[in-house]
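Listed below are the residues making up each chain.
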Number of protein chains: 2
Amino acid sequence: VAARLREIVGPEHVVDDADVIDSFARDWTGRFHGRASLVVRPKDTGEVAAVLRVLHDAGVPVVPQGGNTGLVGGGVPMEGEVVLTLRRLDQLGELEPLTAQVTAGAGVTLAQLSAHARAAGRDFAIDHGGRDAATVGGMIATNSGGIHAVRYGTTRAQVVGVEAVLADGSVVGSLAGLVKDTAGYDLASLLVGSEGTLAVITRARLRLVPRPAFHATALLALRDGEAALHAFATLRAQVPSLHAAEAVFGDGLELAAERLGVEVPVGGGGGERGVHVLVEAASHIDPLDELAAALDEIDADGVAFAQDARQRERLWALREGISEAIAAHGIPHKLDVAVPVPVLPAFAGAVRALVARERPGARTVLFGHLGDGNLHVNVLGLDPADDDLDGAVLWCATDHGGTISAEHGIGRAKRRWLSLVRSEAEIAAMRQIKRALDPAAILNPGAVLPE
Amino acid sequence: VAARLREIVGPEHVVDDADVIDSFARDWTGRFHGRASLVVRPKDTGEVAAVLRVLHDAGVPVVPQGGNTGLVGGGVPMEGEVVLTLRRLDQLGELEPLTAQVTAGAGVTLAQLSAHARAAGRDFAIDHGGRDAATVGGMIATNSGGIHAVRYGTTRAQVVGVEAVLADGSVVGSLAGLVKDTAGYDLASLLVGSEGTLAVITRARLRLVPRPAFHATALLALRDGEAALHAFATLRAQVPSLHAAEAVFGDGLELAAERLGVEVPVGGGGGERGVHVLVEAASHIDPLDELAAALDEIDADGVAFAQDARQRERLWALREGISEAIAAHGIPHKLDVAVPVPVLPAFAGAVRALVARERPGARTVLFGHLGDGNLHVNVLGLDPADDDLDGAVLWCATDHGGTISAEHGIGRAKRRWLSLVRSEAEIAAMRQIKRALDPAAILNPGAVLPE
């Protein structure tokens, strides 16, 4: 098989050096670490198709990988699979001005795509802290969410079409950029969020949104979760240009500030019960008055309004610094969940109490996206193999009407708990779809579906 | 079977009166007319599930039907199937203000949903001329597009979740309203646009968009298609609040004006080569200046700016009057296609020439949605059974890089041409998915997939 793969992609793009392979077989948190047999680096759709035909015929399992920024082991080979890295598929097409769409290769990073969009006067609607490494293919495969889902939805809503290769090497999909196209089942929609288990995404046609000329950004300190919810209700109703509404529960922001060597620029919030909310409005017309009027109606302990671009960047640096600050304290358990927005504060309280009760020595850091109910539960001070607490947190999310994965996917980490949130009939339907599209089960084995 | 269905839904909701049944077995254009054995009218999800279990066990085929506004025979029983009408599932939940979402039954009409949203200060993003009859279930099953897709995308982008019943009676889906939920394959996305062939949609969780407080609307007369494209490029670049951009090629608008007994309120446009463009901007801040500035840069033969709500309504009445005006001239062939926006004028010219060459006596009326490349090709004066011309028009669309169905679906009318736009591998994948979810093939047989 290796010889045939070398013929397809060139010998230098079939990697068998043990150290290099190992870097593709672990995630950045260090929690997932497996074993790959080879790393194959095709340069285009034709090579991906040819590689898959060879692997399919030989029955060799393969793990597609993008920027390897995942947090649930969805792109980490565990048992000697071939890693198919899509990073060389990094072509970016011109912005088509009539449709405001662009075609991007699976290996284009979020940062590259965003810069490209901006240079043409538009924005890609998705943004998140992993922007320098996360790739278009990986973001589609996991239906990446990020900080602007409250306004623009998730990656799913940005995908006009995909080109993908099925397990047997067939190329499917369309990049024609047709916003309206109802000719049969929408395979692109099925592939969004399928985590490399149904096909390998090679290119995508993406919509770009109007680039706001003006931003208004403020950090609010609120006494508790219910106050944060009230604040958000006011923002939702009165700020049509609402662009982001992030929440940091408890002392998460202080943790980031400490790590960055700065102060949290607002009194109040924090502590055991407090919440910091970072809110941003953005529009082609300055939304400052709109946001200020809404904030006047909010009973906050403190408000820090960004007065210029630098202050705005500092507020965002604090919010985005939390993950690094947590990582500096050891390998965290990171559980990405979502609950209906109205119960988010109740859930945050419940999960904090749960950890305190079950693992008295552990530290809980809770932050996420208030606008869409997505909370990142981070628990420090646990044994990396302590899965029982993970299960309890995920159960708690579903008990609040939520889901066990908001924007990271199921990967290998959560598949045993899929039945907490999907019924027997739903999992059966998923299995049937998997069998239909990948009958030899070579694509990302062990991900998504329970054993 | 009828007896068991009567037990489930009550005897008055299993209709076997021939005249009533016949009204469910024809579409409003009169082009599709088939035969049903029974009409079953369940009132909720539980009854739908029970009905499907009975039909599944007995191997009886069933055609789900919403408002019966389809134009491709997708909801018309042809060979004595049971019609499952979802119209009694017309419950509408309260707007949830934190998420701006609402739960709607499959039988809620678009007009009811829109009025409900407006009463709560929001809008449903989809709108089209069939609003009084088209239902939520039907719009999801066909991924309805309409006039605001240029801004908000299609129905797909409005669906946060669905509840649906599989062929065997299993209920799947979620109405929890989680914008971010990546727990396994997204069955809801697969069901959007599946035209009742994979499951029966019973309820949906829908996002509502901010309701614009101000509208600015104008009718433009342009000398030809290229001029219309230039105008649209200016609008796209300079009007961030662009809400609709409709195009009527040739004398379509005159036809509607004649039928309504009014004048087209702008000189120029029309004729053999001219194009009328109806453009609307809408925002919470008055977009009048924004639109006026853009129109100043457009080289139009004439511009009629709506000065008040009544004038705005009149412009829209003209645009929406075209379908009625066409229907008054006989049973049209209606072909809903889309091509990439940059080639829309070239395609309009090509299809007009095609009809003139192949069917010299026929009349071609072309109108649609400039913003998304969706053109409605209407041909009058043809034998209703003249499918050859339909095939030629659809081929012409795909030859221009387009699709054979933009917002109406494939139904029964277009399935023979699906291979014009989907590859063998894609159709094979669709068949496998169909087999996986509906192994007994009882759901809407004869729709979507070719024989």
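Whatever comes next refers back to the structure up there.
Residues numbered from 1 in each chain as written. Chains lettered and ligands numbered in written order. Predicted model: local features only at pLDDT ≥ 70, side-chain atom pairs only at ≥ 80, totals over all residues. Heavy atoms only, no water.

Things to note about the pairing of strand E7 (residues 159-165) of chain A
All names here are of chain A. Along E7, six of the seven residues are buried, which leaves the element largely enclosed by surrounding structure. Here E7 runs beside strand E9 (residues 200-207); their pairing, made up of six bridges, is antiparallel. Note that in E9 the partner of Val-159 across the bridge is Leu-206. Pairing analysis gives three bridges linking E7 to strand E8 (residues 171-173), with the strands arranged antiparallel. (Buried < 20%, exposed > 50% of the residue type's maximum accessible area, 1.4 Å probe, protein only. Helix = DSSP H or I, 4+ residues; strand = E, 2+ residues; numbered from the N terminus. Pairing = 2+ DSSP bridges.)

Brief notes about the interface of chain A and chain B
Contact with chain A, which involves 80 residues of that partner, is made by 80 residues of chain B. A buried area of about 6100 Å², summed over both sides, lies between chain A and chain B, and 63% of it is on carbon and sulfur atoms. Among the residues of chain A in contact with chain B, A:Leu98, A:Lys180 and A:Tyr185 are the three that bury the most area, contributing 18% of the side total. If you look at where chain A meets chain B, you find eight salt bridges. One salt bridge connects B:Arg422 with A:Asp181, and the closest N-O pair in it is separated by 2.9 Å. Counting across the interface, chain A meets chain B through 32 residue pairs in polar contact (both at pLDDT 80 or more). For the side of chain A that touches chain B, the secondary structure elements donating two or more residues are helix H6 (149-152), E8, helix H7 (187-191), helix H8 (225-238) and helix H15 (424-437) of chain A. Counting residues per element, the side of chain A that touches chain B draws most heavily on H15(A), which supplies nine residues. (Contact = heavy atoms within 4.5 Å. Buried area = accessible area lost by both parts, 1.4 Å probe. Salt bridge = Lys/Arg side-chain N within 4 Å of Asp/Glu carboxyl O. Polar contact = N/O pair within 3.5 Å; in protein donor to acceptor, adjacent residues only side chain to side chain.)

Structural notes on the packing of aromatic side chains
Tallying each qualifying case throughout the model produces zero aromatic pairs over all chains. For the cation-ring pair, A:Arg416 lies above A:Trp417, with the distance from its terminal atom to the ring centre recorded as 5.0 Å. (Phe/Tyr/Trp six-rings, centres within 6.5 Å; stacked < 30°, edge-to-face > 60°. Lys NZ or Arg CZ within 6 Å of the ring centre and 35° of its normal.)

A word on the sheet that holds strand E13 (residues 275-283) of chain A
Residues and elements named next belong to chain A. If you trace the seven strands from one edge of the open sheet to the other, you get E14-E11-E13-E12-E16-E17-E15, paired in antiparallel fashion. What marks the edges here is a single partner per strand, and that holds for strand E14 (302-305) and strand E15 (333-338). For this sheet, the mean angle separating the axes of adjacent strands, direction not counted, is 15°. In the sheet, strand E16 (residues 363-369) pairs with strand E17 (residues 374-380) via seven bridges, with the strands oriented antiparallel. Following the sheet pairing, His-369 is matched in E17 by Asn-374. Where helix H14 (residues 387-399) meets the sheet, its contacts fall on E15 and E17, and the angle it forms with E15 comes to roughly 15°. (Axes fitted to C-alpha atoms, helices over the stretch in contact; angles between N-to-C directions.)

Regarding the environment of B:Leu382
All names here are of chain B. Tracing the chain through its elements places Leu-382 in the loop between strand E17 (374-380) and helix H14 (387-399). For Leu-382, a relative accessible area of 10% puts it in the buried group. In this structure the C-alpha to C-alpha distance between Leu-382 and Arg-312, which are 70 residues apart in sequence, comes to 35 Å. Leaving out residues up to four positions away in the same chain, Leu-382 has contacts with His-333, Arg-359, Ala-362 and Leu-389.

A look at the relation of the copies chain A and chain B
Superposition of chain A onto chain B requires a rotation of 180° combined with a translation of 0.0 Å along the rotation axis, giving an RMSD of 0.0 Å. Here the symmetry operator amounts to a two-fold rotation axis. When the interface residues of chain A are mapped onto chain B, 100% of them again fall at the interface, so both copies present the same face. (Least-squares fit on C-alpha atoms with pLDDT ≥ 70 in both.)

Structural notes on the sheet that holds strand E7 (residues 159-165) of chain B
Residue and element names in this part refer to chain B. Spatial strand order, E5-E9-E7-E8: four strands in an open sheet with antiparallel pairing. At either margin of the open sheet sits one strand with a lone partner, and together these are strand E5 (101-105) and strand E8 (171-173). On average, each strand axis in the sheet is inclined to that of its neighbour by 15°, with strand direction left out of account.

Thoughts on helix H9 (residues 252-260) of chain A
When H9(A) is considered as a whole, its buried residues turn out to be A:Gly252, A:Leu253, A:Leu255, A:Ala256 and A:Ala257. Downstream of H9(A) by a residue or two, A:Gly261 has a phi angle that is positive, lying close to 70°.

Regarding the nonpolar core
In a soluble, globular protein the nonpolar side chains are often hidden away together inside. Counting 182 residues, the largest nonpolar core has A:Leu206, A:Val377, B:Leu206 and B:Val377 as its most contacted members. Not counting residues within four places of it along the chain, the set of residues in contact with A:Val377 comprises A:His333, A:Lys334, A:Leu335, A:Val337, A:Phe347, A:Val351, A:Val365, A:Leu366 and A:Val393. (Core = buried A, V, L, I, M, F, W, Y, C linked by side-chain atoms within 4.5 Å.)

Some points on the packing of H8(A) against helix H10 (residues 288-296) of chain A
Residues and elements named next belong to chain A. Remark: H8 packs on H10, axes separated minimally by 9 Å, with the N-to-C direction vectors making an angle of 145°. Crossing of H8 against H10: the hand is right-handed. Between H8, through Thr-234, Leu-235 and Gln-238, and H10, the contact on the second element is made entirely by Glu-290, Leu-291, Ala-294 and Leu-295. A per-class count over the contact of H8 with H10 returns four nonpolar, two polar and one charged. (Left-handed = near helix turned anticlockwise from the far one by under 90°. Nonpolar A, V, L, I, M, F, W, Y, C, P; charged D, E, K, R; others polar.)

Regarding unusual backbone geometry
What you tend to see is this: most non-glycine residues have negative phi, and most peptide bonds are trans. Residue and element names in this part refer to chain A. The backbone phi angle of Ala-100 is positive, close to 55°, even though this residue is not glycine. A relative accessible area of 1% means that Ala-100 is categorised as buried. The backbone phi angle of Val-448 is positive, close to 70°, even though this residue is not glycine. Within the fold, Val-448 resides in the segment after H15. With relative accessibility at 0%, the residue Val-448 sits in the buried group.

Section: the side chain of B:Glu290
Mapped onto the elements, B:Glu290 comes out in helix H10 (residues 288-296). Look at B:Glu290: it is buried, it has no salt bridge, and the nearest opposite charge is B:Arg151 at 7.2 Å. Here the side chain of B:Glu290 touches A:His284 through a polar contact of 2.9 Å, side chain to side chain. Aside from chain neighbours lying at most four places away, what touches B:Glu290 is A:His284, A:Ile285, B:Gln238, B:Val239, B:Pro240 and B:Ser241. (Lys, Arg positive; Asp, Glu negative; His and termini not counted.)

What is shown is where atoms sit, not what they do.
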